[in-house]
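Architecture at a glance
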Amino acid sequence: MRPLSLLIFLGLLVGGCSAAPRVTVNPDVVITDRQADAQAGNVSISIVNLNDHPIEVIEYHYTATASGQSTWRGRHAGGLVLASGIDRHVNLPIVLPPNVNDGTTVSISGEVRYLDTSTIAQTLSEWGYRPSVGFNGQPIVTNRPTPLADQDG
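The paragraphs below set out a description of the structure included in this document. Residue numbers here run from 1 along each chain, matching the order of that chain's written sequence. Predicted model: local features are reported for residues with pLDDT of at least 70 only, side-chain atom pairs are reported and counted for 80 or more only, and whole-chain, interface and lining totals are derived from all residues. Heavy atoms throughout the structure, all of them, feed into the side-chain values; hydrogens and water do not.

Two strands are said to pair when DSSP picks up at least two bridges between them. Going along the chain from the N terminus, every DSSP run of H or I of four or more residues is numbered as a helix, and every run of E of two or more is numbered as a strand. With antiparallel pairing, the four strands of this open sheet are ordered in space as β4-β3-β6-β7. Both outer strands of the open sheet, β4 (72–82) and β7 (132–137), are each paired with one neighbouring strand and no more. Each strand of the sheet is rotated relative to its neighbour by a mean of 20°, with strand direction disregarded. Taken together, the eleven bridges between strand β3 (residues 55–66) and strand β6 (residues 106–116) define a ladder with antiparallel strand orientation. Paired with T65 across the strands is S107, a residue of β6. Each axis is a line fitted through C-alpha atoms, and for a helix only the stretch in contact is used; angles between axes span 0 to 180 degrees, taken between their N-to-C directions.

Laid out in structure tokens, this is it:
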């Protein structure tokens, strides 16, 4: 076996001993802005580090669909380190069609890419290896801003 292959195998073996964080989607979508052609909002997810050592959240990749409308694809930077046992809430921005109303179910699914903070995991990261954990949920639109002001007057 070649040395590089052996190192990758050992790294994956050691990395496999690390538990993936637990990710859950919270039940509400909060609309933060409404325009004539789209609405912006946030879906909150909860991330819990189940390890006895810190992990670094790198990024989120996800999709959101409401009422069979077109799918919106999102990518959001992680930029946080979770200590052991920490539960962190993160707001992921989404864009929805303008006709999505209160009570509408939004299907969201995606993955959280993270890094173990061990030396071997950092080395594997430099080679492009990024572990990830999937998430999905169906939160409901529960908050809408005031309708657009009449722009004729």
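Now for the environment of R75. Within the element layout of this structure, R75 appears in strand β4. Put simply, R75 and Y60 are 15 residues apart on the chain and 5.6 Å apart in space, counted from C-alpha to C-alpha. With residues up to four places along the chain from it excluded, the contact list for R75 reads E59, Y60, H61 and Y62. Within the local environment of R75, its side chain forms a polar contact with the side chain of E59, the two groups lying 2.9 Å apart. Should any heavy atoms of two residues lie within 4.5 Å, those residues are considered in contact. Under the rule applied, a polar contact is a pair of N or O atoms within 3.5 Å (in protein, one hydrogen donor and one hydrogen acceptor; residues adjacent in sequence only if both atoms are side-chain atoms).

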